[in-house]
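# Structural overview
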Amino acid sequence: MSQVLHPIEQKLLKSLLEKQNLTPEDLCEKTQLSIDQVRRGIEWLKFKEIAQVTESEKNFVALGKMGNDALEKGLPERQLVNYLKSIDGFSCEMSQAKTQLKNEFNPAIANAKKNGWIEIYENRILLKGYHDTTPEERIIKLIASKSPALSLVDELGDKSTLDSLKKRPEFLTFTSTKYVTVNLTEKGIEMAKNVSGDAADVLVRAIDVESAAPTVFAARSHPLQDVINEVREIFIGLGFTEIVGNQTQSSFWNFDALFTPQDHPAREMQDTFYLKGLHAKNIGTKNQISNVSQVHKKGWRYDWKLEESKRLVLRTHTTCVTIKELADSKPEEARIFSIGRVFRNEKVSYKHLVEFNQVEGVVVGKNVTLRDLMGLQREFYLKMGMKKIKFWPTFFPYTEPSLQTMVYNEKLGKWVELFGMGIFRPEVTVPLGIKNPVLAWGGGIERIAMLKFGLDDVRELYNNNLGWLRNVSKCQ
Amino acid sequence: MPVVTLHFDRLTRMLGKKISKEKIVSTLPFIGLDIEEETKNYVNVEYSPNRPDYSTDYGIASSLQGLLGIKTGMPKLKIKKGKDAIIVNPSVRKVRPFVTAIEAKNGKLDDETISQIIVMQEDLHNGIGRRRKKTSIGIHDLDKISFPLTYTTTGRNHKFIPLESSHEMTINEILEKNETGIKYGHLIKNSEKVPIILDSNGNTISFPPIINSEQTKISKNTKNILVEVTAIEKNAAEDTLAVIANILQDAGFELFSMKINGANNSTPLLTPRSLIIDAELVNKILGIKISIPKMVYALKKSRLDAQGKGKKIICTIPRYRTDIFGPMDLIEEVALGYGIENFEPTIPASISVGQKNKITTILESISSVMIGLGYSEVMNLGLVSQRVLYDHTKRDASKIISVSDSKSQEHNILRNAILPGLIDTLSRNIHETYPQRLFETGTIFLKTNDEIKEEIHLACVSAHNDVNFTEIKSVLQSFFKTTFGLACKTTTSSNSMFVEGRSADIFVNNKIGEIGEILPEIVDNFKLRVPIAGFEIRLTGLY
């Protein structure tokens, strides 16, 4: 038996096994439960098909005005007999009896005749004999004995007498009430036998574990934050140390230091957010500024302007944080990474946000290679649970060679572009005094989160729709 | 990124060999192209503007020939000596100092070639031409021109019939009324004199960098073409010309040089250049060990010329490859020619131990404490709207920080507080079960004396019918005690967001935040129907 019964159900079952067809009131009495508990228990049992409920009607009867008179003075025919008995000769004129019995004269004559007590002869009534008690009188007394409670018609028996009394006006009043009775189904009888056995004591303490409990929502971290944390842990596991930096940056570190010329389309306001009327005061050391400006003039052949490099932007990538760290500390060997918000002046759509999270890692080392960079990618994706990857060439202004990773997504059944990577150009590293090759790679985290949670609209990650936040599963 | 359409039948003709569609489509990514759309007859690819030679199917076909081994080595430009000339008037120095040009003769143009050329011209204008500022291109029907041409300047009342127009317009009219004139007019600023190319009959050929004349428009019947490029920088002009010259040569035209002189202008040479790379460096950077002949062949597959010399390789690079700066670019060309798919990834040995940033550790702890207190994390953007940050929340907007030219009114102000965003979040969840208890940590931006400062804040809100100051203060106290082992003090204050008498400043030594019950008016502004209490504190400086 898989179902476990509530203590209320247990008690009801025991009572019903002793006696079927009980009303809720009966069950209250037997189980000492409140009527509400009993009613609730009956509903549960009914739902589980352990008990069935039958609706019936109860008919009650009480004495009417004439009935009460009859109780006091006797039935009209009894009054007639008594009158006749008091007269010598046991007879009288019809008119005498009429005076004596008034309104009750007619029924008295009719019933006395029907009972065979009198005879009418030449306008005289003769008493022939009589019974001490008639069935009618017995029933009237019976009903009266229960008064003021109502008598159940079924309990009185002698239906024909009741019917004949019913015909006499105002002798009896009838009322009826609907009621339910409960009895066990076959399944219920089976189950009740078990309940009354030894198992009962154990089962009494158990509850119905199969029914649904009320919903509670766990307070939790944001799913996107979970993905960010997961990515961070992987980087740390791969031996990378986290660095952080400002989201507002000078154009110098966001663009110039990364060999992106000042007239490059990516630097235009339609792609990059510039802070209205704000300029960086100190952008770098004298050496850094002069070396970077030289490499721009030589490589891109244009008039490099200091003012332009001081314009404050909302960083378009985290690479500005990385490159400044490398330029300031000039490590010969290093594994560092950063995760944070980056900004693009995009029209918001299912594909684009103005702001998203990016991760970027770099490896500095004397002997690091392009194959190492590819290997780090493969390791990262493996840890993210993505096994099938391939590499395609691509272009970034500040890396050469540059590759992008394509990852096969099982859910979508296609290759998806994920992180980009490359080796920092000498035009980036040399002016800033970075001697060894720098492998760099990174990309947007929202993309990974979308694949993970099966979203096709990036905005959903920032809608903070509680319907989603409360219900999306934490381990996917 | 710009897009080029590749028709399979056309491409097959250009490749000179029958290659299956599947092979073509699977090879395209390995020459650096992204597939945007593929149909039965054509494929659309995106290319990076650093490869202007990919601006037509001719350039892409040339690259594919290399990687597929159909034709390798550098495509050579054959330029015959021509007789036509452009004379440059020194007055252009102040407005647009350089012009260069070439003639392409005895060719045929079909509809698809014309359409490829038009798209190419637009892409080159936007990329290498920096939206026509640096270089701009004019392509003309040579037979409608009488030589020599003069590149000079003219006044703003100069008249001609601009491209796609039926009547003469003055320079001013073009700048005010013509669509292209309106779009690019800013490039000639307020200069009284504007650049102009005239032919020997005084007819206007072009008004660079704005628009060509209708008279010299190319069509299907054009057999001979003049390409002129004007620029503010001479090298950029010749780079652009080289790209177009190669395309026209591939399209079957014969190239003829033009004599150009005056004001530091000269006939373009468009000759290749040489770069020497160290074979050892190639292997070191790529992490492979291949021989010099293999490197040479890989470079040739990338449509460069190369020759081994001792431990070095001399590379010859055609003029149109403007993306090649130095040895690292050539190393990439070796990698592509060798085949990216042939690189087996390796894991670099490392003894370094990774470490989280201190801020991250603190924020993780804060998050776990807030979650323990029954608050769920939400994430909002730092770029928000004035409506949420100031108007609806009645906050002081005197130190507002806005960004220029945002494409969205909902995202043009940098947040200086997190709390308004949380109320906005509540307003988007009025149909969800209450209580709603939310927190967020993140960066906020402050402006002081024209300098920008970033801080990390924590804010939280509790929204349900019975919320009050005491509930949220309990959370605040418990937060400080559990996270930092600190006691905080709250003192009566006035705050535009909070109900008077239910509003306090939060102190841990100094003032670090504010707490209170949100004004019913603000609750109304956000169309919320439950009371809200919340606080916001500055975390920067606490750890």
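This is a predicted model, so every value here is computed, not measured.

A count of helices and strands for chain B gives 15 helices and 28 strands. A compact globule built from 543 residues should have a C-alpha radius of gyration of about 24 Å, whereas chain B, at 33 Å, is more than 25% larger. Projected onto the principal axes, the alpha-carbon positions of chain B cover approximately 90 × 65 × 45 Å. In chain B, which comprises 543 residues, the proportion classed as buried is 58%. Look at the contacts in chain B between residues 6 or more apart in sequence, and 71% of them connect residues 24 or more apart. Accessible surface for chain B amounts to roughly 23300 Å². Of this, 49% is attributable to carbon and sulfur atoms. On chain B, the mean spot of the 68 positive side-chain charges and the mean spot of the 63 negative ones are 6 Å from each other.

Another point: the overall build of chain A. When helices and strands are tallied, chain A shows 21 helices and 16 strands. The globule rule puts the C-alpha radius of gyration for 476 residues at 23 Å, and the 51 Å found for chain A is more than 25% above it. The principal-axis extents of the C-alpha atoms in chain A amount to approximately 160 × 55 × 35 Å. Per-residue burial over chain A gives 52% buried out of 476 residues. When the accessible surface of chain A is totalled, it reaches about 23100 Å², and 50% of it is carbon and sulfur. One way to put it: in chain A the 66 positive side-chain charges average out to a point 6 Å from where the 60 negative ones average out.

To continue, consider the packing of helix 1 (residues 7-18) of chain A against helix 2 (residues 24-31) of chain A. Between two packed helices, both the angle of their axes relative to each other and the distance between the axes serve to describe the pair. Residue and element names in this part refer to chain A. Relative to each other, helix 1 and helix 2 sit at 105°, their axes nearing to 10 Å. When the axis of helix 1 is compared with that of helix 2, the two are roughly perpendicular. Mapping the contact onto sequence places Lys-11, Leu-12, Ser-15, Leu-16 and Glu-18 in helix 1 and Leu-27, Lys-30 and Thr-31 in helix 2. Among the residues making up the contact of helix 1 with helix 2, the classes are represented as three nonpolar, two polar and three charged.

So, about the confidence of the model for chain A. Predicted confidence across chain A gives a mean pLDDT of 88, with 96% of residues reaching 70 or more. Low pLDDT (under 50) marks residues 199-203 of chain A, which in the prediction has eight contacts with non-local residues, meaning those over four places away or in another chain.

Turning our attention to helix 4 (residues 111-126) of chain B. All names here are of chain B. With 16 residues, helix 4 extends 23 Å between its outermost C-alpha atoms, agreeing within 8% with the 22 Å of an ideal straight helix rising 1.5 Å per residue. Those residues of helix 4 not exposed but buried are Thr-113, Ile-114, Gln-116, Ile-117, Met-120, Gln-121, Asp-123, Leu-124 and His-125. Here the buried face of helix 4 lies against strand 1 (3-7), helix 1 (8-15), helix 3 (57-67), strand 7 (135-141) and helix 7 (234-250).

Once that is clear, we can look at the sheet that holds strand 27 (residues 510-518) of chain B. Residue and element names in this part refer to chain B. The seven strands are arranged 20-23-24-28-27-26-25 in an open sheet whose pairing can be described as mixed. On the outer flanks of this sheet lie strand 20 (376-377) and strand 25 (489-492), each paired with one strand and no other. Relative to strand 23 (residues 436-448), strand 20 runs parallel, the two sharing two bridges. Bridge pairing in strand 23 places Glu-377 opposite Phe-439.

With that settled, the discussion passes to the sheet that holds strand 2 (residues 34-38) of chain B. All names here are of chain B. If you trace the three strands from one edge of the open sheet to the other, you get 1-3-2, paired in antiparallel fashion. Bordering the open sheet on either side are strand 1 and strand 2, each of which pairs with just one other strand. Here the strands of the sheet are splayed against their neighbours by 30° on average, with no regard to which way each runs. Where strand 2 meets strand 3 (residues 42-46), four bridges bridge the pair, whose relative direction is antiparallel. Residue pairing across strands places Ile-35 opposite Val-45, the latter belonging to strand 3.

Another aspect to go through is the interface of chain A and chain B. Facing 89 residues of chain A, the contacting portion of chain B comprises 79 residues. Interface of chain A and chain B: buried area, both sides summed, is about 7300 Å²; carbon and sulfur atoms make up 55% of it. Along the contact surface separating chain A from chain B lie seven salt bridges. Note that B:Lys356 is salt-bridged to A:Glu233, the shortest N-O span being 3.0 Å.

Once that is clear, we can look at the pairing of strand 13 (residues 389-393) of chain A. The side chains of a regular strand alternate between the sheet's two faces. All names here are of chain A. Of all five residues in strand 13, four are buried; the element is thus mostly enclosed. Sheet topology note: the strand 13/strand 14 (residues 399-409) ladder contains five bridges and is antiparallel. Bridge assignment links Trp-392 to a residue of strand 14, and that residue is Gln-404. Linkage of strand 13 to strand 14, two consecutive antiparallel strands, is achieved through a turn of five residues.

The next thing to look at is the pattern of salt bridges. Residue and element names in this part refer to chain B. Applying the stated criterion across every chain yields a total of 53 salt bridges over all chains. Residues Glu-440 and Arg-415 are paired through a salt bridge, measuring 3.0 Å at the closest nitrogen-oxygen approach. Within this pair, whereas Glu-440 is found in strand 23, its partner Arg-415 is found in the loop between strand 22 (413-414) and helix 13 (419-427), the two being separated by 25 residues in sequence. As far as the burial class goes, Glu-440 and Arg-415 line up, both buried.

Turning to its location among the elements, A:Ser309 is positioned in helix 16 (residues 306-310). Once residues within four sequence positions are removed from consideration, A:Ser309 is found in contact with A:Ser250, A:Ser251, A:Phe252, A:Asp256, A:Gln262, A:Arg267, A:Ile283 and A:Trp304.

Moving on to the environment of A:Glu93. Residues and elements named next belong to chain A. Assignment of secondary structure puts Glu-93 in strand 2 (residues 91-93). Its relative accessible area of 30% is what places Glu-93 among the partly exposed residues. Spatially, the C-alpha atom of Glu-93 lies 6.2 Å from that of Ile-125, the residues being 32 residues apart in sequence. In this view, Glu-93 contacts Asn-123, Arg-124 and Ile-125; residues no more than four positions away in its chain are not counted.

With that settled, consider the environment of B:Glu38. Residues and elements named next belong to chain B. Mapped onto the secondary structure, Glu-38 falls in strand 2. For Glu-38, a relative accessible area of 49% puts it in the partly exposed group. The contact partners of Glu-38, leaving out residues within four places of it in the chain, are Val-25 and Val-43.

What counts, and at which threshold
All residue numbers refer to positions counted from 1 along the written sequence of the respective chain. Written order determines the labels here, with chains lettered from A and ligands numbered from 1. A pLDDT threshold of at least 70 governs which residues receive local features in this predicted model, and a stricter bar of 80 or more applies before side-chain atom pairs are shown or counted, although totals over entire chains, interfaces and linings include all residues. Values shown for side chains rest on all heavy atoms present in the structure; no hydrogens or waters enter the calculation. Helix numbering and strand numbering both begin at the N terminus, where a helix is a DSSP run of H or I of at least 4 residues and a strand a DSSP run of E of at least 2. For the radius of gyration, the atom set is restricted to C-alpha positions; the globular benchmark scales as 2.2 Å times the number of residues to the power 0.38. Burial classification: accessible surface area is computed with a 1.4 Å probe over protein chains only, and a residue below 20% of its type maximum counts as buried, one above 50% as exposed, and the rest as partly exposed. Any pair of residues with heavy atoms lying within 4.5 Å of one another is described as a contacting pair. For accessible areas, the Shrake-Rupley method is used with a probe of radius 1.4 Å. Any residue's cover is judged against the shown protein chains and nothing else. Just so you know, the count uses Lys and Arg for positive and Asp and Glu for negative, and it drops His and the chain ends. A single reference atom marks each charge: NZ on Lys, CZ on Arg, CG on Asp, CD on Glu. Axis definition: a line fit to C-alpha positions, over the contact stretch in the case of helices; interaxial angles, taken between N-to-C directions, run 0 to 180 degrees. Any angle between 65 and 115 degrees counts as roughly perpendicular, while under 35 counts as roughly parallel, over 145 as roughly antiparallel, and the rest as oblique. We call Asp, Glu, Lys and Arg charged. Ala, Val, Leu, Ile, Met, Phe, Trp, Tyr, Cys and Pro are nonpolar, and the rest, Gly among them, are polar. Within a predicted model, pLDDT stands for the predictor's per-residue confidence, ranging from 0 to 100. By definition here, a helix of n residues has an expected span of 1.5 Å times n minus one. DSSP-based pairing: two strands are paired if at least 2 bridges between them are found. Here the quantity called buried area is the total loss of accessible area, with a 1.4 Å probe, experienced by two parts when brought into contact, counted for both. Take a side-chain nitrogen of Lys or Arg and a carboxyl oxygen of Asp or Glu: if they are within 4 Å of each other, that pair is a salt bridge.

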